[in-house]
Amino acid sequence: MTTPADPQGAADPGLPPTVVIGCGLIGTSIALGLRGHGIDVHLRDADPEHLRAAVDRGAGSPEPAADPALVVVAVPPAATVEAVVDALREWPRAVVTDVASIKDRVVTGVDAVDDSGRFVGSHPMAGSERSGPEAASAQLFEGRPWVITPGRSAADEAVRLVEEVAVMLGGVPVTMEPATHDEAVALVSHVPQVMSSLTAARLLEAPSAHLALAGQGVRDVTRVAGSDPTLWREILRGNAVAVRSILRSVRQDLDTVLAALEDESDVAELLVTGRRGSERLPGKHGGVQPELAVVLVQVSDRPGELSRLFARVGQIGVNIEDLRIDHELGRLVGLVEISVLADRADHLVEELVTSGWTAYR
Ligand SMILES: NC(=O)c1ccc[n+]([C@@H]2O[C@H](COP(=O)([O-])OP(=O)(O)OC[C@H]3O[C@@H](n4cnc5c(N)ncnc54)[C@H](O)[C@@H]3O)[C@@H](O)[C@H]2O)c1
Ligand SMILES: O=C(O)C(=O)C[C@]1(C(=O)O)C=C[C@@H](O)C=C1
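Model, not experiment: these values are computed from the prediction.

*Asks:* Could you give an account of the site of ligand 1, naming the residues involved and the relevant values?
*Replies:* Near ligand 1, the surroundings consist of 25 residues, among which Asp-45, His-50, Val-75, Ser-101 and Gly-132 are the closest. The contact in question runs from a nitrogen atom of ligand 1 to an N or O atom on the backbone of Ala-46, over 3.1 Å. Separating an oxygen atom of ligand 1 from a backbone N or O atom of Ser-128 is a distance of 3.2 Å. In isolation ligand 1 has 840 Å² of accessible area, and contact with the protein removes 84% of it. Mapped by element, the contributors of at least two residues to the shell around ligand 1 are helix 1 (25-36) and strand 5 (119-124). Here the residues of the shell around ligand 1 are counted per class, giving 14 nonpolar, nine polar and two charged.

Below is the structure:
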């Protein structure tokens, strides 16, 4: 399936057709990415509205596929095994992969009824708190790990095909045992989701005047609390053992904090441990996290301001590592927070101020 990039997305009749089942955030993102490489994509969804929206976005055709080379199952976790097994039966020559956030139950479930060697489990580690085809993007997987968990009997060619597709969409394939994958994502995805939801739940009854003080910290911590509860209920149920084990440790830490706040002893040790933990997360492109600094720039709330700012930063020769935009309460200006390498921050501020921007650290 190695194909030349085709930004126009025109289908090349020589390329093997693919079926995507489930036209939500992930399925439509995969379909858009494949279309961008000229692959003939056929879409299917239990919800006709989602199917229509994905087709309207140019993600593929709603017509049935006769003999696809690949079927991507992108439905909710609890529906995944059945959809994979149905696809293996419906298209007896196709390689079938899924993208569910839990892998052990899915791979074990499919392995129990299929030994064709055509199933390869997978999980792109990219997503969003938004769901549905409108939230999809062909660029979603750019630079992100794409875990491949081949089943017991997966054939080498089948695994290779799924790896090629992951790479084609910008992902970085990482092969893992399904149970190891579940243990890892309990820590880096599933428990963070729970912590985010728990923090956000405290906001529900809070007075509006208190919420009005909310800054970026609480927004960072609660972003994924906006995710689809139905999807996450299935993910947490499907990975309950690994999630429970980590939550028990969190409960112990919470007890330590509570006790420390009661007897006024020091909570610093826990905070230091947390800081050291956050420093262990890999930085951009999977490398060691470089030291970053934030430069704040005021921009007028009018069209074209951001592109003018980005063009200027580019001319100054500083790379934007991360970006966030905040609106100042009651003012027609936005505050752009640009993260750059720490040793470039002062230079960027000086140059921006010289060219008329209000910039500071
Ligand atoms: N949301 C994320 O960040 C994320 C990231 C990586 C992987 N995943 C996994 O990807 C899968 C899809 O998640 P999503 O976020 O795209 O969800 P979504 O709700 O955006 O999309 C799911 C789609 O599947 C359709 N569907 C449901 N049951 C179906 C069935 N039996 N047959 C055909 N279509 C069916 C729905 O109508 C919907 O369009 C899940 O297994 C999830 O665990 C999600
Ligand atoms: O970045 C986000 O919004 C996500 O929630 C994406 C995220 C994650 O936790 O990293 C969520 C669930 C998926 O299974 C994979 C990716």
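*Asks:* Give me the lowdown on the packing of helix 6 (residues 178-201) against helix 9 (residues 229-238), citing residues and values where you can.
*Replies:* Contact geometry for helix 6 and helix 9: axes closest at 11 Å, N-to-C directions at 125 degrees. Considering their axes alone, helix 6 and helix 9 lie oblique with respect to each other. Crossing geometry of helix 6 relative to helix 9 is assigned as left-handed. Contact residues: Ser-189, His-190, Gln-193 and Val-194 in helix 6; Trp-232, Ile-235 and Leu-236 in helix 9. Across the contact of helix 6 with helix 9, the residue classes tally to four nonpolar, three polar and no charged.

*Asks:* Which residues make up the site of ligand 2, and what values go with them?
*Replies:* Every residue near ligand 2 is listed here: Ser-101, His-123, Ala-126, Gly-127, Ser-128, Glu-129, Ser-189, Arg-223, Val-224 and Trp-232. Within the contact set of ligand 2, an oxygen atom lies 2.7 Å away from a side-chain nitrogen or oxygen of Ser-101. Contact between ligand 2 and His-123: an oxygen atom at 2.6 Å from a side-chain N or O atom of the residue. Computed on the free molecule, ligand 2 has an accessible area of 370 Å², of which 81% lies beneath the protein chains in the complex. Split by residue class, the shell around ligand 2 holds three nonpolar, five polar and two charged.

Cut-offs used in this document
- Residues numbered from 1 in each chain as written.
- Chains lettered and ligands numbered in written order.
- Predicted model: local features only at pLDDT ≥ 70, side-chain atom pairs only at ≥ 80, totals over all residues.
- Heavy atoms only, no water.
- Near = heavy atom within 4 Å.
- Polar contact = N/O pair within 3.5 Å; in protein donor to acceptor, adjacent residues only side chain to side chain.
- Areas by Shrake-Rupley, 256 points an atom, 1.4 Å probe, with all protein chains shown as cover.
- Helix = DSSP H or I, 4+ residues; strand = E, 2+ residues; numbered from the N terminus.
- Nonpolar A, V, L, I, M, F, W, Y, C, P; charged D, E, K, R; others polar.
- Axes fitted to C-alpha atoms, helices over the stretch in contact; angles between N-to-C directions.
- Parallel < 35°, antiparallel > 145°, perpendicular 65-115°, else oblique.
- Left-handed = near helix turned anticlockwise from the far one by under 90°.
- Contact = heavy atoms within 4.5 Å.

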